[in-house]
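Single-letter residue listing:
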Protein chains: 4
Amino acid sequence: MTVVGHNSVAGDQLRTVVERIERLEDEKKNVTADIKDVYAEAKGNGFDAKTLRKIVALRKLDEDKRKEAQAMLDLYAHAIGLDLI
Amino acid sequence: MTVVGHNSVAGDQLRTVVERIERLEDEKKNVTADIKDVYAEAKGNGFDAKTLRKIVALRKLDEDKRKEAQAMLDLYAHAIGLDLI
Amino acid sequence: MTVVGHNSVAGDQLRTVVERIERLEDEKKNVTADIKDVYAEAKGNGFDAKTLRKIVALRKLDEDKRKEAQAMLDLYAHAIGLDLI
Amino acid sequence: MTVVGHNSVAGDQLRTVVERIERLEDEKKNVTADIKDVYAEAKGNGFDAKTLRKIVALRKLDEDKRKEAQAMLDLYAHAIGLDLI
DNA sequence: CACTGGAAAATGCCGC
DNA sequence: GCGGCATTTTCCAGTG
């Protein structure tokens, strides 16, 4: 291990980790901004943002329910020795 | 315009908007998961997650401070124009 | 316990809780109104409301910064105890 | 007007205003904390906080409706030349 | 009166 | 498994 400067293996690792996180958070921020833009654009086309949000939330609920049903199916399939995947 | 089914221009627009939002939210969810993974991996390498989060937050805070300083500058310019104090 | 009417211990408790909350929310609303009044009065004395708000926010920010510094101190103490880096 | 130090009439006024606002905001903060405490205490007594919030919100809606009705009454009273207050 | 920004509430996550 | 905390979303006051 070199002691030149204040770097260390752990220090480099730390820097790498922090930068990876920051890059991902930037990405996330951009996606969030994109979503906001879509809502704004929809609003410009006469849609009510609040209602849109409700619709999206409801569809998400439905999807969750669907996934749950699928999980049930998998569970039962497994129980009878029929592994679907 | 066709009247087959229940489609309509507005309905198609709505569907498009909702689907765009859902795709973006999926993307966001994936990025969030990636961030979580990085934290988990770092933890596996001996880093403390809480400390990492703090470091990331602090670096963001610094950035915010720069922005705030700029805002102050603008404010003072305005205040001077008003001959406030 | 009396069974006259629909009251019950839980019902009375619920009523009490709700009323306490409502009284406090009224109080809060009054304080909010008072703050608004102070801003209005200050405006009448030639102060710019927006600037005043900024000043108040900045002073709060400074306080937050002090608290944040303390949190950092605690964190580092913890991190050293962990022999983190 | 004295020029000793950096004080000025406007400066003193500013300080006074800011301090009044800060005191009121502290008060508001305390009331908010009190409300939180009531919810926490209620939770300790077996009440569901989320449901409590819904109840409070609903009663508020009812009150608003009542106030609206009163406003209507006042309006009509005024229209027929009968000033209630 | 619509929009933006900041406070409050709901949700999800981590540690115990 | 749950309580506390951080994040996210929702809501409301202030602004132009």
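What you see is a predicted model, and the numbers here were worked out from it, not measured in a lab.

Now for the protein's contact with DNA strand F. Around DNA strand F lies a shell formed by Lys28(A), Lys50(A), Arg53(A), Lys28(B), Lys36(C), Lys50(C) and Arg53(C). Within 4 Å of the protein, the contacting atoms of DNA strand F are drawn from sugar and phosphate to the extent of 100%. The contact in question runs from a phosphate oxygen of DNA strand F to an N or O atom on the side chain of Lys28(B), over 3.1 Å. Contact distances for DNA strand F include 3.4 Å between a phosphate oxygen and a side-chain N or O atom of Arg53(C).

Below, the discussion takes up helix 2 (residues 49–79) of chain A. For helix 2 of chain A, which comprises 31 residues, the first-to-last C-alpha distance of 45 Å matches the rise-based estimate of 45 Å (1.5 Å per residue) to within 8%. Buried within helix 2 of chain A we find Leu52(A), Val56(A) and Ala77(A). Its buried side turned inward, helix 2 of chain A meets helix 1 (9–44) of chain A together with helix 1 (9–44) of chain B.

Attention now goes to the relation of the copies chain A and chain B. Mapping chain A onto chain B calls for a rotation angle of 177 degrees and an axial translation of 0.6 Å; the resulting RMSD is 1.6 Å. Within this description, the copies of the chain are treated as partners about a two-fold rotation axis. The C-alpha atom lying nearest the rotation axis in chain A is that of Lys28(A); the distance is 2.8 Å.

Time to look at the nonpolar core. Counting 14 residues, the largest nonpolar core has Leu14(A), Val17(A), Val18(A), Ile21(A), Tyr39(B) and Leu52(B) as the members making the most contacts within it. Contributions of two or more residues to this core are made by helix 1 of chain A together with helix 1 and helix 2 (49–82) of chain B. Not counting residues up to four positions away in its chain, the partners in contact with Tyr39(B) are Ile21(A), Ala49(B), Leu52(B), Arg53(B) and Val56(B). The next biggest cluster of nonpolar side chains, apart from the first, holds 13 residues, and it includes Ile35(C), Leu52(C), Leu14(D) and Leu24(D).

Interface extent is often summarised as the accessible area lost during association of the parts. Counting residues at the interface gives 27 residues for chain A and 29 residues for chain B. Summing the contributions of chain A and of chain B, the shared interface buries around 2,800 Å²; its carbon and sulfur component is 71%. Along the contact surface separating chain A from chain B lie 5 salt bridges. When the shortest N-O distance is used, the salt bridge between Glu41(A) and Arg20(B) registers 3.3 Å.

In this structure the tally under the stated criterion is 17 salt bridges over all chains. Of the charged contacts in the structure, one is a salt bridge between Glu25(A) and Lys60(B), with a shortest N-O distance of 4.0 Å. With Glu25(A) in helix 1 and Lys60(B) in helix 2, the pair connects residues from two separate chains. Taking relative accessible area as the criterion, Glu25(A) reaches 26% and is therefore assigned partly exposed. Look at Lys60(B) and you get partly exposed, because its relative accessible area is 43%. Its salt-bridge partner being Glu19(D), residue Arg15(D) comes within 3.6 Å of it at the nearest N-O pair. You can see Arg15(D) and its partner Glu19(D) sitting in helix 1 (residues 9–44), 4 residues apart, about one turn around the helix. Arg15(D) sits in the exposed class, given a relative accessible area of 53%. Given the relative accessible area of 32%, Glu19(D) is considered partly exposed.

Now for the packing of helix 1 (residues 9–44) of chain C against helix 2 (residues 49–79) of chain D. Angle between the axes and distance between the axes: these two values describe a pair of packed helices. The interhelical angle for the contact between helix 1 of chain C and helix 2 of chain D, taken along N-to-C directions, is 60 degrees, at an axis separation of 11 Å. The way helix 1 of chain C lies across helix 2 of chain D gives a crossing that is right-handed. Contact residues: helix 1 of chain C offers Leu14(C), Val17(C), Val18(C), Glu19(C), Ile21(C), Glu22(C), Glu25(C) and Lys29(C), while helix 2 of chain D offers Leu52(D), Ile55(D), Val56(D), Arg59(D) and Lys67(D). Split into classes, the residues belonging to the contact of helix 1 of chain C with helix 2 of chain D amount to 7 nonpolar, no polar and 6 charged.

Tallying the contact residues gives 15 residues for chain B and 14 residues for chain C. Between chain B and chain C, roughly 1,400 Å² of surface is buried when both sides are summed, and carbon and sulfur atoms account for 79% of that area. Our count for the chain B to chain C interface comes out at 0 salt bridges. Linking chain B to chain C there are 0 residue pairs in polar contact (both at pLDDT 80 or more). Across the side of chain B that touches chain C, the residue classes break down as 8 nonpolar, 3 polar and 4 charged.

Rules of the game
Residues numbered from 1 in each chain as written. Chains lettered and ligands numbered in written order. Predicted model: local features only at pLDDT ≥ 70, side-chain atom pairs only at ≥ 80, totals over all residues. Heavy atoms only, no water. Near = heavy atom within 4 Å. Polar contact = N/O pair within 3.5 Å; in protein donor to acceptor, adjacent residues only side chain to side chain. Helix = DSSP H or I, 4+ residues; strand = E, 2+ residues; numbered from the N terminus. Expected span 1.5 Å × (residues − 1). Buried < 20%, exposed > 50% of the residue type's maximum accessible area, 1.4 Å probe, protein only. Contact = heavy atoms within 4.5 Å. Least-squares fit on C-alpha atoms with pLDDT ≥ 70 in both. Core = buried A, V, L, I, M, F, W, Y, C linked by side-chain atoms within 4.5 Å. Buried area = accessible area lost by both parts, 1.4 Å probe. Salt bridge = Lys/Arg side-chain N within 4 Å of Asp/Glu carboxyl O. Axes fitted to C-alpha atoms, helices over the stretch in contact; angles between N-to-C directions. Left-handed = near helix turned anticlockwise from the far one by under 90°. Nonpolar A, V, L, I, M, F, W, Y, C, P; charged D, E, K, R; others polar.

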